[in-house]
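Breakdown of the fold
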Amino acid sequence: MSSLSRELVFLILQFLDEEKFKETVHKLEKESSFFFNIRYFEETVTNGEWDEVEKYLSGFTKVDDNRYSMKIFFEIRKQKYLEALDKGDHAKAVEILRKDLKVFSTFNEDLFKEIAMLLTLQNFRENDQLSKYGDTKSARAIMLVELKKLIEANPLFRDKLQFPSLKNSRLRTLINQSLNWQHQLCKNPKPNPDIKTLFVDHTCGQPNGARAPSPVTNQLMGPLPKVGGFPPIPGPFQHAPAPLTTSLAGWMVNANSVPHQAVSVGPMGLTPPNNAALDYQTADSEHVLKRSRAFGLPEEVNKLPVNILPIVYPGQSHAHSSNSADDLPKTVVANLNQGSAVKSMDFHPVQQTLLLVGTNIGDISVWEVSSGERIEVRNFKVWDLGACTMTLQASMVNEYTASVNRVMWSPDGNLFGVAYSKHIVHLYAYHGGNDLRNHLEIDAHVGGVNDLAFSHPNKQLCVITCGEDKAIKVWDAVTGVKQYTFEGHEAPVYSVCPHYKENIQFIFSTAVDGKIKAWLYDNMGSRVDYDAPGHSCTTMAYSADGTRLFSCGTSKEGESFIVEWNESEGAVKRTYLGLGKRSVGVVQFDTAKNRFLVAGDEFKIKYWDMDNVNLMTSIDADGGLPASPCIRFSKEGTLLAVSTSENGVKILANTEGIRQMRSMENRAGASSKAPIIGTFGASGSAAGPSVGADRNSPMGAMISLNGDSRNLPDVKSRISEEMEKSKIWKLTEISEQSQLRSLRLPDSLLSVRIIRLIYTNSGSSILALAYNAVHKLWKWQRSERNVTGKATAAVPPQLWQPSSGILMTNDISETNLEEAVPCFALSKNDSYVMSASGGKISLFNMMTFKTMTTFMPPPPAATFLAFHPQDNNVIAIGMEDSSVQIYNVRVDEVKTKLKGHQKRVTGLAFSNALNCLVSSGADAQICVWSLDGWEKKANKFLQIPSGRSSNPLAQTRVQFHQDQTQFLVVHETQLAIYEASKLECIKQWAPRESSSAITDATYSCDSQSIYASFDDGSVCVFISAGLRLRCRISPTSYMPSNPSSRVYPLVITAHPTEANQFALGLTDGGVHVMEPLEAEGKWGTVPPQENGTGPSMSHAPAAQDNSSR
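Thresholds applied
Residues numbered from 1 in each chain as written. Predicted model: local features only at pLDDT ≥ 70, side-chain atom pairs only at ≥ 80, totals over all residues. Heavy atoms only, no water. Axes fitted to C-alpha atoms, helices over the stretch in contact; angles between N-to-C directions. Helix = DSSP H or I, 4+ residues; strand = E, 2+ residues; numbered from the N terminus. Parallel < 35°, antiparallel > 145°, perpendicular 65-115°, else oblique. Left-handed = near helix turned anticlockwise from the far one by under 90°. Contact = heavy atoms within 4.5 Å. Nonpolar A, V, L, I, M, F, W, Y, C, P; charged D, E, K, R; others polar. Polar contact = N/O pair within 3.5 Å; in protein donor to acceptor, adjacent residues only side chain to side chain. Patch = residues over 30% accessible without salt bridge, like charges linked within 9 Å, V, L, I, M, F, W, Y side chains within 5 Å. Areas by Shrake-Rupley, 256 points an atom, 1.4 Å probe, with all protein chains shown as cover. Salt bridge = Lys/Arg side-chain N within 4 Å of Asp/Glu carboxyl O. Buried < 20%, exposed > 50% of the residue type's maximum accessible area, 1.4 Å probe, protein only. Pairing = 2+ DSSP bridges. Phe/Tyr/Trp six-rings, centres within 6.5 Å; stacked < 30°, edge-to-face > 60°. Core = buried A, V, L, I, M, F, W, Y, C linked by side-chain atoms within 4.5 Å. Expected span 1.5 Å × (residues − 1).

Let's shift gears to the packing of helix H1 (residues 3-18) against helix H2 (residues 22-32). In helix packing, the relevant descriptors are the interaxial angle and the interaxial distance, both defined with respect to the helix axes. Axis separation between H1 and H2 bottoms out at 8 Å; the angle between their running directions is 160°. Judged by the inter-axis angle, H1 sits roughly antiparallel to H2. Helix-helix and strand crossings are classified by hand; for H1 and H2 the assignment is left-handed. Listed contacts from H2 to Val9, Ile12, Leu13, Leu16 and Asp17 of H1 are Lys22, Thr24, Val25, Leu28, Glu29 and Ser32. Within the contact of H1 with H2, the residues separate by chemical class into six nonpolar, two polar and three charged.

Another aspect to go through is the side chain of aspartate 327. Counting through the fold element by element, aspartate 327 comes out in the loop between helix H12 (299-302) and strand S1 (331-337). Only 2.8 Å separates the side chain of aspartate 327 from the side chain of arginine 39, close enough to count as a polar contact.

Quick look at a nonpolar patch on the surface now. Nonpolar side chains collect at one region of the surface, where Leu198, Phe199 and Val200 lie side by side and expose about 390 Å² of accessible area between them. Structurally, valine 200 can be placed in the loop between helix H9 (170-184) and helix H10 (246-252). Judged by relative accessible area, valine 200 falls into the exposed class, the value being 55%.

This part takes up the pairing of strand S13 (residues 482-487). Where strand S12 (residues 471-476) meets S13, five bridges bridge the pair, whose relative direction is antiparallel. Along S13, the bridge assignment pairs lysine 473 with threonine 485. Here S12 folds back onto S13, and the loop between the two strands holds five residues, one of which, glycine 480, carries a positive phi near 85°.

Two numbers describe a pair of aromatic rings. These are the distance of the centres and the angle of the planes. In this structure the tally under the stated criterion is 31 aromatic pairs. Between tryptophan 800 and phenylalanine 849 the ring centres are 5.4 Å apart and the planes differ by 75°, which places this aromatic pair in the edge-to-face class. Of this pair, tryptophan 800 sits in strand S35 (residues 798-800) while phenylalanine 849 sits in the loop between strand S38 (841-845) and strand S39 (851-855), and the two are 49 residues apart along the sequence. According to the relative accessible area criterion, tryptophan 800 is buried, its value standing at 3%. Seen from their ring centres, tyrosine 1011 and phenylalanine 1062 are 4.6 Å apart, and the 35° between their planes marks the pair as tilted. A residue pair is termed long-range when its members are at least 10 positions apart, and tyrosine 1011 in strand S53 (residues 1009-1014) and phenylalanine 1062 in strand S57 (residues 1062-1066) qualify at 51 residues.

Here the focus is the nonpolar core. Formed by 42 residues in total, the largest nonpolar core has its most connected members in Phe36, Phe41, Leu57, Tyr81 and Leu101. When residues of this core are assigned to their parent elements, the largest contribution, 10 residues, is made by helix H5 (residues 67-86). Non-local contacts of leucine 57, meaning those with residues more than four positions away in its chain, are made with Phe36, Phe41, Ile72, Phe73, Ile76 and Phe157. One finds Ala429, Val449, Ile464 and Val496 within the second-largest nonpolar core, a separate group that totals 29 residues.

Another point: the environment of histidine 1055. For histidine 1055, the position within the fold is in the loop between strand S56 (1049-1054) and S57. Along the chain, histidine 1055 and alanine 791 lie 264 residues apart, while their C-alpha atoms are 8.0 Å from each other. With residues up to four places along the chain from it excluded, the contact list for histidine 1055 reads Tyr759, Gly763, Lys790, Ala791, Cys1005, Gln1061 and Phe1062. Of the polar contacts made by the side chain of histidine 1055, one reaches the backbone oxygen of glycine 763; its length is 3.0 Å.

In this section: the sheet that holds strand S26 (residues 631-633). Taken together, four strands build an open sheet; the order of strands is S1-S28-S27-S26 and the sheet is antiparallel. A strand with exactly one partner marks an edge of an open sheet, and here the two such strands are S1 and S26. The sheet shows a mean angle of 20° between the axes of neighbouring strands, taken without regard to direction.

Tracing the backbone through its elements, the reader meets arginine 632 in strand S26. Given the relative accessible area of 14%, arginine 632 is considered buried. Of the polar contacts made by the side chain of arginine 632, one reaches the side chain of aspartate 346; its length is 3.0 Å. Every residue in contact with arginine 632, bar those within four places of it in the chain, is listed here: Met345, Asp346, Phe347, Arg406, Met408, Asp590, Leu639, Leu640 and Ala641.

To continue, consider H5. In a regular helix each residue adds 1.5 Å, so 20 residues correspond to 28 Å; H5 covers 28 Å between its end C-alpha atoms and thus fits that length. Among the 20 residues of H5, 18 are classified as buried, and the element is accordingly described as predominantly covered.

Here H5 crosses helix H6 (residues 90-101) at 165°, and the two axes come no closer than 8 Å. Taken together, the axis directions place H5 and H6 in an arrangement best described as roughly antiparallel. Here the hand of the crossing between H5 and H6 comes out left-handed. Contacts from Phe74, Arg77, Lys78, Lys80, Tyr81, Ala84 and Leu85 of H5 reach H6 at His90, Lys92, Ala93, Ile96, Leu97, Asp100 and Leu101. Here the residues of the contact of H5 with H6 sort into eight nonpolar, one polar and five charged.

Written out as structure tokens, the structure is:
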């Protein structure tokens, strides 16, 4: 088809859209395959119209066209299949499996089998990789984000995602022009011709009056909107002494189209799409990427890093004129309390809900707007004052404060820059979460630094700055070396705007006197020199596709202007109406994609369509805005940040932005298949009360199986033997921070001592329960530094909260917290947590933090919770009155009560292998119960080491070994290993009489080690076989020394798949993740065997107890 025929199809599409022939529009889009309407595609996916989704896609691609297409179809069909399963429609699911998903078995047979196996599950969320699947609406939204990225990256969709920019009713206009031309040819033209058909050429009949007026002004085909642009305001470039070179003239022409951001295709899998990264590569990816290179751009341009060039965002409608106010972010979805006046903001270029904020007192903050969490904050500080100029040092002596004038992310989001009101520019390296590192400090200008921006001249990342010293400077963003200095302004330089067109890199700069100049990266001076409207203090910005240039400024008299420039003529093309004539301060503005302009003015947010000078709409965002608020769009234009007069930030969203915020709430890292660990190791246990003051090292004597302590002569007789052993083995002592990897998790909430702690089954999150009954959830995200997305001490996680801002808080309405024994248990799929803090038991949704239900109000209060390993609807509840209640959540009924303890129950653990339940209590007693009839099979009291007094309310906790036959008993006076079938103590370890008390202990995920915490702050690592100590970790290695406060771990929990990782919950509210050094790989060395007993070598897989979850 010729290009003109192709353009005719677009004209017809516009006509059909304007005439509301919706179904016909989409049929023509599909049949012509010229334009893929991403908005229509979104609607059909969101509504679950799967047949129409595939039918529409079939006009553009087939399943086997390439790997992009294959993954698009797979994600759609997988979602359809999961929805059928979720509805319990197994017949429909089988049909989808056979007809739709079978085709993918050729490429991945194992995956197809795993998908088929979902039919055998009562709830497909029992599959580890689907445990995070939320409701249908959120799952569709998450999938849609990935589908859009795949479509944009698919070469078959290239040049089909953006509708041509057409004036209104272009087809009618052309027909009118044709009829006017035909009317001109009439021999006897009528003044008011009556045209009744377009099927034949028009001719007028016999003359019947005056000659027709000029056809140029006569509209023959009904009323049409005015067509054409707005008259340009004169304002030609006044050339500076340096001549306008040919190369700069080349820069004046329109930029070529820019390729979409590269997206590599992921493998098909069960795991829900992870929007943070599509980090897969395929066999034909090289071929695909070669095809996807934009035509017209030189090869070297396409080799530039992603995000350096402006990204073309596909149009969402058939013409700019159809831009709707509904597409604007106008709904307030979050309020951030910054604490000081906001001066500058910038959204992350990749993580769309990450916002960088700078304030008037020099603070910078990184916010996750979807959860309302401040991830990191830094105060103003000169990093190396001695290396700065004497001028700066002198100014710091008088006043050691500075305001932030500008914050900006680098194109890839790995760096951001901060321009201060005093000389300094700071560059920070950002590695995700709260991992923020000082990168460069540049003493850039004399006086304030008014603006900064990033650019990529010669494929080298640079930062451009300007300041009160009337200069513009370019710095190497890696080394901080100055590359260029541009001088020529006669007033302080207010802003810079670097840009790229064809092969030319250049910089616009504006000064406070209203002068605008342009510079190439050379020493030839300014190429152009012209005035901003009203000689205003101006900022400049390009549309997302880099083809349109806008500026916004405020004059000394307070009159503000927003205009679009004709770059080739150096003249104002449009002046937008609606700004105030007496603005307070300089009005800030921003552009969204290729569609909208926004400005903060007169205590409001004002919006314009780029193609219409009239104000589109204005809102006050529920009030509380300053006269000229700071304002910033997210990179996709779905979110808008605006500063408030109360030193905060409001986040506004459109429909897509709201969906994006919800997707961030529901997003979870991919789960991995891992052993399910037992009650107490997974949950980390309830904290025991502290006893005594600070003591010495918890290294102690071994206790014999009959409970008799070894006497002093026995110990002395073995001194020589132990000294001999020490020659070949020595206990590993860790006392320095450099000897391990430790991370204190970021926490913006109130710090209150941690009572319970647990890793989620996926290993990607940690859940804590604090003394004040509030739960805290930390999540690790996939990143280049953390490709698995699992918990690690190397990368900080995010303290996660839903956008609603609610907290998971237990019922404590009639509770004495000092007497309460908090407890919780996590479901196998990490979807729900059951929890109590002395009041009613609450069931929380882990994705929304909403309370699903509450039950069993005290008295008696629940003191321990454990899920039945075979039925998540059945839980064992240890009670304050010493009973164990077996409760069915689904029918809200207590099935039976187990009585055998004399004091409160403080530990429960199930064994599938032995079909039993083990309970432990504050009475230091262990009971074993049969799961068949719930009768008591055995009971035994702990052997308290001689010379040790026990707190009468000390908690006793239990956890099964991976083999499900032995279990660990933890008491403040001892660690012990018991054989469950005989209830026989195999091994016991106790601290010395003068040593610290044990606060908690847990098996590692492979049960080869035991991690124990003590009330002197130390942690000991034991070989579980024989309870032999192999490593001691001093509190000085992970906590700062503070003699005035006694801080120690109350709870400890082990990672579900990483055998050498554990986490501590401290009395000061901190949570620490601990790992050995990568070079070591493990905690200490294996001690010599004792009495011929060696480490357990059993690796036989066994179904493990998951009662704590």
